Every structure is written in C-alpha cells, then in structure tokens.
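Results of the structural survey
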Amino acid sequence: MGNQVFRKQSPLPESPASRAHHEMFSMKEMPSPQSLFSAYASMAGSIMLFRSMANDLIPAPVRSYVAAGIRRLFNSQSSLLTLIIEETNGISPNQIFEAAEIYLSTKITSDTSRLRISKTPKDKNPTLRLEKGEELTDSFEGIPLLWTFNSQDHDKNSNNPNNGPTLFPPKAERRYFELKFDKTQRYKILNSYIPFLLDRALAMKNQERRLKMYTMNSSGCYSGKWESVNLEHPATFETVAMEAEGKKAVMEDLDRFLKRKAFYKRVGRAWKRGYLLYGPPGTGKSSLVAAMANYLKFDIYDLQLGNVVQDSDLRKLLLTTGNRSILVIEDIDCTVELPDRHHADWPNHPNEIQLTLSGLLNFIDGLWSSCGDERIIIFTTNNKDRLDPALLRPGRMDMHIHMSYCTFHGFKLLAANYLQIGHTGHRLFPEIESLLDATEVTPAQIAEELMKSEDADVSLEGLVKVLKRKKLEQEEEENNDNGEDGEEEGKLREAKKLKVEARKKVATRVTRRKFLRGRNF
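The model shown is predicted, which means the values in this text are computed figures rather than measured ones.

Considering the overall build of the chain
Across its full length, the chain carries 16 helices and 15 strands. When each of the 521 residues of the chain is scored for burial, the buried share is 32%. Contacts in the chain between residues far apart in sequence, at least 24 positions, make up 70% of those at least 6 positions apart. Here the chain has roughly 34,700 Å² of accessible surface; of this, 53% comes from carbon and sulfur atoms.

Right, dumping it as structure tokens:
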C-alpha cells in the first residue's frame, strides 16, 4: 500500500441518454419570456404602488428633504457643480433662462440629434431650440461647460394638498437648463460667464428684433401715449445717396456713441446724442434717419411739435419713449414759431404761451433729457439759418450733417441700386457727370427718373434729357436775375442823377435870390 501510486482517473464517457437528461434539466431551469415579463410587470406595479403610497403618506417637504440629502450624498463625491436655471422665478420670467435659450441656439452642431423648430408671423427666420434631454458643450476661457435641457411634468398636488383652487395654478411643464462645470471654476462662471451670456443674448435679441415706428395716438399729446407700426423702411447706409466721407463720419460717430456708456456716466452727461440734418427738400434726410435706425436697431419716435400744446405734454411724451430709440422732429423751422406761440382755444388761459423755446431746450438737454439711456434726437430742416442759435450749440445738436444736391458719387449709388449697374459704369456716365457738376438736382429727382424704366439705356437717356432741360432753366433764371439786377442798378443811377439835378436847381435858385437881394441894397 505504501508504494501504491494514486493516479487521476479520467471521467468515463457520458452516454447519449444521460446527455439528453442533463439538457432537458437545464432547459427546465431557464425561465420563459412570459415569466420574465410577468416578473417585470409585478415589480413595476410594486414600485408604482410604493411611490403612490409615499406621495400620499409622506409630506412633500419630507420627500424634498430626503431627495436633497441623496443628491448631496452623491454630489459630495463629484468634482462637478451643477447650476439649475429654471424658466420662471415664481411668476416672473428668468432672464438667464431666456438668455441661455437664445445663446445656445448658436452652439447647435451636427452632433445634436433632436431640435425644436418654430416661426411666428413676426419672425424673419425660423428659430431652433434644444429638445428635452439634449446636451451641448461650450467653453469659456478654457473651461469646459456642459449644457443640458430638461423638461418634466409638475406635481400639481405638491403645492395644493387640499386640491382646491389656487391663485396661480402651476404650469403643466417645468422647463430648466442644467449647467455643469468644475467646482473650482465657480466664481469665474458666476462672475464672468453668466454676465457674458446675458450680454451676448441681449445683443442677438436686439439684432433680430422688429423695429417699430411710433407716433402720437388719436387722442393727441394729452394722453402722452404712442401708437406703433412695424418699421419696414429698407434704407441702409449702402443705399443712401451720400458722399462716402460724410457717410463714414456718421457711422463712426454712431459706433462711438454706442460704446461710451461708461464714459457718459463718468463725465456726468446723459447718454444721448443730437443730430441736425439740413438741406433742400428731396436730398435724403428721411432716408438717412431710417438708415441710422436700421444700423443701430433703434426704434423711431416721430414727434410732430405742431400737435404739442404745452411744455408739460412734451415732458410726458419724453417719459414714455423707450431706450434705444431715435426721436425725430422733422422740419423744425416751419413746425412751430417759438417762443411766441399762443393757443387761442385753450379754455382757461387763452393768451398763455403754451410751448416755449425754453421748454424745448430743457426737453433736449435739461434735467428731463436724462430720463432714459441710448437715445438719439434728430432735427431736420430745410433752412438752417431760420433756427434759433440756442438750438444749434453742441450738447443739443452735436453733429450737423449737410444733405446737399446729388453728386456723381451719389448718382452711381442710385444707378447701382435701381439699374444694377456695376463699377464698370455706362457709356453715358461721363456726360451725366458733367451735367451734374453744372446742375442742381436732388437725389429724389434722380431716383424718380431711374424708376421709369428697368432698361439702363432708356432710363439714363431720359435722365440726360432731364438734366439738360434743368440746366437750360437754371441758366435762364440766372440771366433773368442778372437782367433784373441791371435794371435795378439803372433805376438807382437815374434816381441819383435826378436827385443831383434837383439839388443843383435848388442851389441855383438860392444863389439868384441872394444876388437879387444884394442889388436891392
């Protein structure tokens, strides 16, 4: 036995009958799909029953406290911080949510699988927004950021346990953004990224917003209210028939005005700017106002001083104008006569001066002018010399813009816009240039001729005829003026001669009388 060696014996081969028995036994141990589905349904029903019982038996504050504790437990082990940005703050809209929605629409990439698209009648283009559960990545100064849009149904019974009527019923859907980033970058995100988000969204909103044209309502200035329509004027700085240097100067001045909010506050001045547009009728003053509004994305308030009765109405109208607006007072030279303007129908004080020059000046640059930011005041006039010098000084009308007759540069802009003539020009351009140098014609008159035909040859030939006729008319007027001047000078010389002769006759009679008196002595 001691020398006996134990060897491992190989297992005996399994018979076919035994193998079949084992396979049948293993088949019986594996559950069927029906039993799996039944078990899943039973478990889901148990969970739903437990959740319903918990909602009924456990008060909402306790449930919120437990959920918050669980989140703190998991968040304490994470290096990420999550900001929840809800759509509303009680009954007030959350500006950060709106800004995030606008800003993130520019961060959509091809990796985003689901988006919401919408368009209202007032929108120029469709808008894209994130769908529920979609994520977007962003970065700020090298900090990676993860945005997630979420939406869930409100628990309608959580704030109203008695199921009674509520003053502000909860919305059916709770929409919010989640912003995740590294905890160590908390102050950078809160102090820099969130303000950047708000500013960027505001700039995008202003860029896309529909401009409004305001005028006084049917009740006049007594109500101090404005009525508005959409401003659809297509004028831009590219289409205004104005010299390139003057156009560039206006655009640079507007850009400088927009960027100097802190400067105006530091020097103690209201954030506003005044412009005076002067020149003959038809030189494009109204078109330039529309171009400035489209360039700045400012609303326009059209103020007719002829409908303003007294200074208090003027102040009331100013207080009801919005920021980022242009207040236009057209034809200031012929709208009202200041300061001796009387309103005879005023019931109590028929002889009282209602709208005064001092009231208008205080409206422009006095204490009332500081009620609002980013405002531009534009006066237009055909005769600058008729305006009171007090209106023209810097601080009231900061920039004077002369809108002159059409030059060859302005004509080329009009030809490009109306006839689509490029930089190569046209065979009639040299003749038109010489005629424009010798003729005073407004851009409105040029545009009227260019609109008569879409054929460049026909339109420009008609313009040449008009310019030649105007040149002859102006030469005849100058000759008539010179002739009238010559006749007047001749009359003056004749009158002077008659006076001299009369004096001579008087002197002769006096001398003769003296002589005769001497002989009598």
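As for the sheet that holds strand 10 (residues 226–230)
With mixed pairing, seven strands are arranged side by side in an open sheet as 10-9-12-13-14-11-15. The open sheet terminates on both sides in strands that have one partner only, identified here as strand 10 and strand 15 (399–402). Taken over all neighbouring pairs, the strand axes of this sheet differ in orientation by 25° on average, direction set aside. Both strand 9 (residues 212–216) and strand 12 (residues 299–302) contribute to a ladder of two bridges, which runs parallel. Across the sheet, the residue bridging to Met 213 is Ile 300, located in strand 12.

A look at the pairing of strand 14 (residues 375–381)
Strand 14 sits mainly inside the fold: seven of its seven residues count as buried. Residue alternation in strand 14 divides its side chains into two sets, Arg 375, Ile 377, Phe 379 and Thr 381 and Ile 376, Ile 378 and Thr 380, and both sets are buried. Bridge count for strand 11 (residues 272–278) against strand 14 is seven bridges, and the pairing is parallel. By the bridge assignment for strand 14, Gly 274 is matched with Ile 377. Here strand 13 (residues 325–329) runs beside strand 14; their pairing, made up of five bridges, is parallel. Each bridged residue has a counterpart across the sheet, and for Ser 325 the counterpart in strand 14 is Arg 375.

Points about the pattern of salt bridges
Per the counting criterion, the structure on display carries 14 salt bridges. Across the pair Asp 138 and Lys 107 runs a salt bridge whose closest N-O atoms are separated by 3.8 Å. Residue Asp 138 is found in strand 6 (residues 135–140), and its partner Lys 107 is found in the loop between helix 4 (95–104) and strand 4 (115–118); the two are separated by 31 residues along the sequence. Residue classification places Asp 138 among the buried residues on the basis of a relative accessible area of 9%. Notably, a salt bridge pairs Glu 374 with Arg 324, separated by 3.1 Å at the nearest N-O pair. Taken together, the residues span a long stretch of sequence, with Glu 374 in the loop between helix 11 (357–365) and strand 14 and Arg 324 in the loop between helix 9 (311–319) and strand 13 at a distance of 50 residues. Relative accessible area serves as the criterion here: at 14%, Glu 374 is assigned to the buried category. Taken together, the shared-partner salt bridges in this structure form one network comprising Glu 87, Glu 101, Arg 116 and Arg 175.

What about helix 14 (residues 429–438)?
Listed in full, the buried residues belonging to helix 14 are Phe 429, Ile 432, Leu 435 and Leu 436. Projected down its long axis, helix 14 carries its buried residues within an arc of 125°, all on one side. Residues of helix 14 that are exposed and point more than 90 degrees away from the buried face comprise Pro 430 and Asp 437.

Quick look at the confidence of the model for the chain
When pLDDT is averaged across the chain, the result is 76; 71% of the residues are at 70 or more. Taken together, the stretch residues 510–521 has pLDDT below 50 and engages in zero contacts with residues farther than four places along the chain or on a different chain.

So, the packing of aromatic side chains
Note on aromatic pairs: each is described by the distance of the centres and the angle between the planes. Using the criterion set out here, one finds 17 aromatic pairs in the structure. Ring geometry for Tyr 103 against Phe 196: centres 6.0 Å apart, planes inclined by 80°, an arrangement best described as edge-to-face. With Tyr 103 in helix 4 and Phe 196 in helix 5 (residues 186–208), this residue pair connects regions lying 93 residues apart in the sequence. Residue classification places Phe 196 among the partly exposed residues on the basis of a relative accessible area of 31%. When the centroid spacing of 5.7 Å and the interplanar angle of 35° are considered together, the rings of Phe 140 and Phe 196 count as tilted. With a gap of 56 residues between them, Phe 140 in strand 6 and Phe 196 in helix 5 connect regions that are remote in the sequence. An aromatic cluster is present here, built from Phe 97, Tyr 103, Phe 140, Trp 147, Phe 149, Phe 177, Tyr 193 and Phe 196 joined pairwise through their rings. The positively charged end of Arg 174 is found above the aromatic ring belonging to Tyr 176, 4.2 Å away from the centroid. Sitting over the ring of Tyr 187, Arg 186 keeps its end group 5.7 Å from the ring centre.

Points about helix 13 (residues 408–419)
With twelve residues, helix 13 should cover 16 Å at 1.5 Å per step; its first-to-last C-alpha distance of 15 Å lies within 8% of that length. Buried within helix 13 are the following residues: Phe 408, Gly 410, Phe 411, Leu 413, Leu 414, Ala 415 and Leu 419. Phi turns positive, to about 55°, at Gln 420, one or two residues after helix 13.

Description of empty space enclosed by the protein
Considering all chains together, one arrives at three cavities of 30 Å³ or more under this definition. Of the pockets and cavities examined, the second largest cavity occupies roughly 50 Å³. Around the second largest cavity sit Glu 101, Leu 104, Ser 105, Ile 108, Arg 116, Leu 128, Arg 129, Leu 130, Phe 149 and Phe 177, which together line it. Where the lining of the second largest cavity is concerned, the elements lending two or more residues are helix 4 and strand 5 (127–130). Of the residues assigned to the lining of the second largest cavity, the class counts are six nonpolar, one polar and three charged.

Things to note about the side chain of His 426
With respect to the secondary-structure elements, His 426 resides in the loop between helix 13 and helix 14. In contact with His 426, not counting residues within four places along its chain, are Ala 456, Asp 457 and Leu 460.

Topic: unusual backbone geometry
A positive phi angle, near 60°, is found at Lys 297, a position not held by glycine. Residue position: Lys 297 is located in the loop between helix 8 (285–296) and strand 12. Among the residues examined, Lys 297 registers a relative accessible area of 15% and is labelled buried. If you check the backbone angles, Asp 331 has positive phi at about 50° while not being a glycine. Along the chain, Asp 331 falls in the loop between strand 13 and helix 10 (332–335). Exposure remark for Asp 331: the relative accessible area of 30% places this residue in the partly exposed category.

So, how was this worked out
- Residues numbered from 1 in each chain as written.
- Predicted model: local features only at pLDDT ≥ 70, side-chain atom pairs only at ≥ 80, totals over all residues.
- Heavy atoms only, no water.
- Helix = DSSP H or I, 4+ residues; strand = E, 2+ residues; numbered from the N terminus.
- Buried < 20%, exposed > 50% of the residue type's maximum accessible area, 1.4 Å probe, protein only.
- Contact = heavy atoms within 4.5 Å.
- Areas by Shrake-Rupley, 256 points an atom, 1.4 Å probe, with all protein chains shown as cover.
- Pairing = 2+ DSSP bridges.
- Axes fitted to C-alpha atoms, helices over the stretch in contact; angles between N-to-C directions.
- Salt bridge = Lys/Arg side-chain N within 4 Å of Asp/Glu carboxyl O.
- Arc of directions from axis to C-beta.
- pLDDT = per-residue confidence, 0-100.
- Phe/Tyr/Trp six-rings, centres within 6.5 Å; stacked < 30°, edge-to-face > 60°.
- Lys NZ or Arg CZ within 6 Å of the ring centre and 35° of its normal.
- Expected span 1.5 Å × (residues − 1).
- 1 Å grid on protein atoms, 1.4 Å probe; cavity = no way out; pocket = protein on both sides within 12 Å on 5 of 7 lines; lining within 4 Å.
- Points joined across faces, edges and corners; volume = space filled by probe spheres on them.
- Nonpolar A, V, L, I, M, F, W, Y, C, P; charged D, E, K, R; others polar.

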